[in-house]
Amino acid sequence: MATDYDTPRKTDEELHEESLEELKAKRVDAQSGQIDVDEAEAAESLELPGADLSGEELAVRVVPKQVDEFTCSRCFLVHHITQLAKGEGAKAVCKECN
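Within each chain, residue numbers correspond to sequence positions counted from 1 in written order. This being a predicted model, a pLDDT of at least 70 is required before a residue's local features are given, and a value of 80 or more before pairs of side-chain atoms are given or counted; all residues contribute to the totals for chains, interfaces and linings. To get the side-chain values, all heavy atoms of the structure are used, and hydrogens and water are removed first.

**Topic: the overall build of the protein**
Here is step 1: Secondary structure elements follow DSSP: runs of H or I of four or more residues count as helices, runs of E of two or more count as strands, with numbering from the N terminus. Across its full length, the protein carries 2 helices and 4 strands.
Here is step 2: If you list the helices and strands of the protein from N to C, you get α-α-β-β-β-β.
Here is step 3: The Shrake-Rupley method, run with a 1.4 Å probe sphere, supplies the accessible areas, and residue values consider only the shown protein chains as cover. For the protein, the computed accessible surface area is about 9700 Å², with 52% contributed by carbon and sulfur atoms.

So, in structure tokens, the structure goes:
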């Protein structure tokens, strides 16, 4: 871009005043109205990274609950019998939930 050296130069004060005026104008513009956003359209366009797992197959071996394990009645996790705090059967509670 060519520079015109014949134009009058602005002082630092003038530049500072202009920038303050521009900032004030931008602030007024930002507060002037609300943007009408369709939430359904915004949700459709939102794409989380790694969220599409439709083509994935899990390769996890599921092992049934063993004789020395129990299901906690509060957190519903399967724990080893050494984690049993109280109760028995359906009322068993693990040490973490006790």
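**Let's talk about the nonpolar core**
Here is step 1: Within the largest apolar cluster, 5 residues are counted, these being Phe70, Cys72, Ala92, Val93 and Cys94.
Here is step 2: Note on contacts: a residue pair qualifies if any of its non-hydrogen atoms lie within 4.5 Å across the two residues. Beyond its immediate chain neighbours, meaning those up to four positions away, Ala92 contacts Phe70, Thr71, Cys72, Ser73, Leu84, Lys86 and Gly87. We define a nonpolar core as any set of buried Ala, Val, Leu, Ile, Met, Phe, Trp, Tyr and Cys residues linked to one another through side-chain atoms lying within 4.5 Å. Buried, partly exposed and exposed residues are distinguished by accessible area as a fraction of the type maximum, computed with a 1.4 Å probe on protein chains only: under 20%, between the cut-offs, and over 50%, respectively.

**Observations regarding unusual backbone geometry**
As a rule of thumb, non-glycine residues mostly have phi less than zero, and peptide bonds are mostly trans rather than cis.
Here is step 1: Its identity as a non-glycine residue notwithstanding, Phe76 has a phi of 60°, on the positive side.
Here is step 2: For Phe76, the position within the fold is in the loop between β1 (69-71) and β2 (78-80).
Here is step 3: Judged by its relative accessible area of 63%, Phe76 is exposed.

**What to know about a negative patch on the surface**
Here is step 1: Patches in this entry comprise residues that are over 30% relatively accessible and not in a salt bridge; like charges within 9 Å are linked, as are nonpolar side chains (Val, Leu, Ile, Met, Phe, Trp, Tyr) within 5 Å. Take a side-chain nitrogen of Lys or Arg and a carboxyl oxygen of Asp or Glu: if they are within 4 Å of each other, that pair is a salt bridge. Under the counting rule used here, the positive set is Lys and Arg, the negative set is Asp and Glu, and His together with the chain ends is not counted. Charge positions are represented by NZ for Lys, CZ for Arg, CG for Asp and CD for Glu. On the surface, a cluster of negative charge is made up of Asp38, Glu39, Glu41 and Glu44.
Here is step 2: Residue position: Asp38 is located in the loop between α1 (12-31) and α2 (39-45).

**Brief notes about the side chain of His79**
Here is step 1: If you trace the backbone, His79 turns up in strand β2.
Here is step 2: Using a relative accessible area of 11% as the deciding quantity, one classes His79 as buried.
Here is step 3: Beyond its immediate chain neighbours, meaning those up to four positions away, His79 contacts Asp68, Glu69, Phe70, Cys72, Cys94 and Glu96.

**Re the state of the cysteines**
Here is step 1: Pairs of cysteine sulfur atoms within 2.5 Å are identified as disulfides in what follows. On inspection of all chains with the given rule, the structure shows 0 disulfides.
Here is step 2: Lacking any disulfide linkage, Cys72 is separated from the closest cysteine sulfur, that of Cys75, by 3.6 Å.
Here is step 3: Using a relative accessible area of 27% as the deciding quantity, one classes Cys75 as partly exposed.

**Things to note about the environment of Gln66**
Here is step 1: Topologically, Gln66 is positioned in the loop between α2 and β1.
Here is step 2: With relative accessibility at 40%, the residue Gln66 sits in the partly exposed group.
Here is step 3: The sequence separation of Gln66 and His80 amounts to 14 residues, and the corresponding C-alpha distance is 8.7 Å.
Here is step 4: Pairing of N or O atoms within 3.5 Å defines a polar contact, subject to two protein rules: one partner must be a possible hydrogen donor and the other a possible acceptor, and residues neighboring in sequence count only if both atoms are side-chain atoms. A distance of 2.9 Å separates the side chain of Gln66 from the backbone oxygen of Pro64, its partner in a polar contact.

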